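Summary of structural features
Okay, here's what each chain looks like letter by letter:
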Amino acid sequence: VIEGRLIHLMHTTSVTVLPARSVDVAGSVGESVSVPCGYLSSFINITKYWTREKHPSFTLQTTASQREVREGRFCVRDEPSIQRLTLTIEGLREEDAGEYTCRIPQNAMDRSFTASVIVLPDRKS
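Remarks on the confidence of the model for the chain
- Averaged over every residue, the pLDDT of the chain is 82; residues scoring 70 or more account for 81%.
- This model gives residues 1–20 a pLDDT under 50, and the stretch forms 51 contacts once residues within four places in sequence are excluded.

Considerations on the state of the cysteines
- Inspection of the entire model under this criterion finds one disulfide.
- The partner cysteine of C37 in its disulfide is C102, sulfur to sulfur 2.3 Å. Every disulfide takes its handedness from the sign of the S-S torsion; for C37 and C102 that torsion is -80 degrees, giving left-handed. With C37 in strand β4 (residues 33–38) and C102 in strand β10 (residues 98–106), this residue pair connects regions lying 65 residues apart in the sequence. Just as C37 is buried, C102 falls in that class too.

Things to note about the nonpolar core
- Within the largest apolar cluster, 24 residues are counted, with the highest numbers of intra-cluster contacts made by W50, F74, L87, I89, Y100, C102 and F113.
- Where this core is concerned, the elements lending two or more residues are β3 (23–28), β4, β6 (55–62), β8 (74–79), β9 (84–89), β10 and β11 (109–120).
- Once residues within four sequence positions are removed from consideration, F74 is found in contact with F58, L60, V69, L87, T88, I89, D96 and Y100.

Notes on unusual backbone geometry
- Even without a glycine there, the phi angle at K54 is positive, about 65 degrees.
- Relative to the elements of secondary structure, K54 occurs in the loop between β5 (48–52) and β6.
- Classification of K54 as exposed rests on a relative accessible area of 82%.
- A positive phi angle is found at Q83, which is not glycine, with a value near 55 degrees.
- By the element assignment, Q83 lies in the loop between β8 and β9.

The rules behind each value
Residues numbered from 1 in each chain as written. Predicted model: local features only at pLDDT ≥ 70, side-chain atom pairs only at ≥ 80, totals over all residues. Heavy atoms only, no water. pLDDT = per-residue confidence, 0-100. Contact = heavy atoms within 4.5 Å. Disulfide = S-S within 2.5 Å. Helix = DSSP H or I, 4+ residues; strand = E, 2+ residues; numbered from the N terminus. Buried < 20%, exposed > 50% of the residue type's maximum accessible area, 1.4 Å probe, protein only. Core = buried A, V, L, I, M, F, W, Y, C linked by side-chain atoms within 4.5 Å.

As structure tokens, then:
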């Protein structure tokens, strides 16, 4: 469901976005959400990562030799064939709400894309 910039994802559906935009992604407690970040073919073998604003210890990084990284309920998957770095959060909790940023270092600058994850109450309640 698209309402302005809010995109409500049903279950594990993902939405395609451009890396220069920011987007709001919503899911209910207990659901999974996926947020893809596209990149140019010249970045295929470059280290890429997702970070979480206000949580400096949260960094999930992929490399040319390690295309998928999982930490608890969080997973980052790099899919070079379709030039996409996807963050998936499984079993959403209220504390997962916040801004997540996809970063692709390029020389002295980062290319980045930010998504705000909004956690809605459990639909079953």
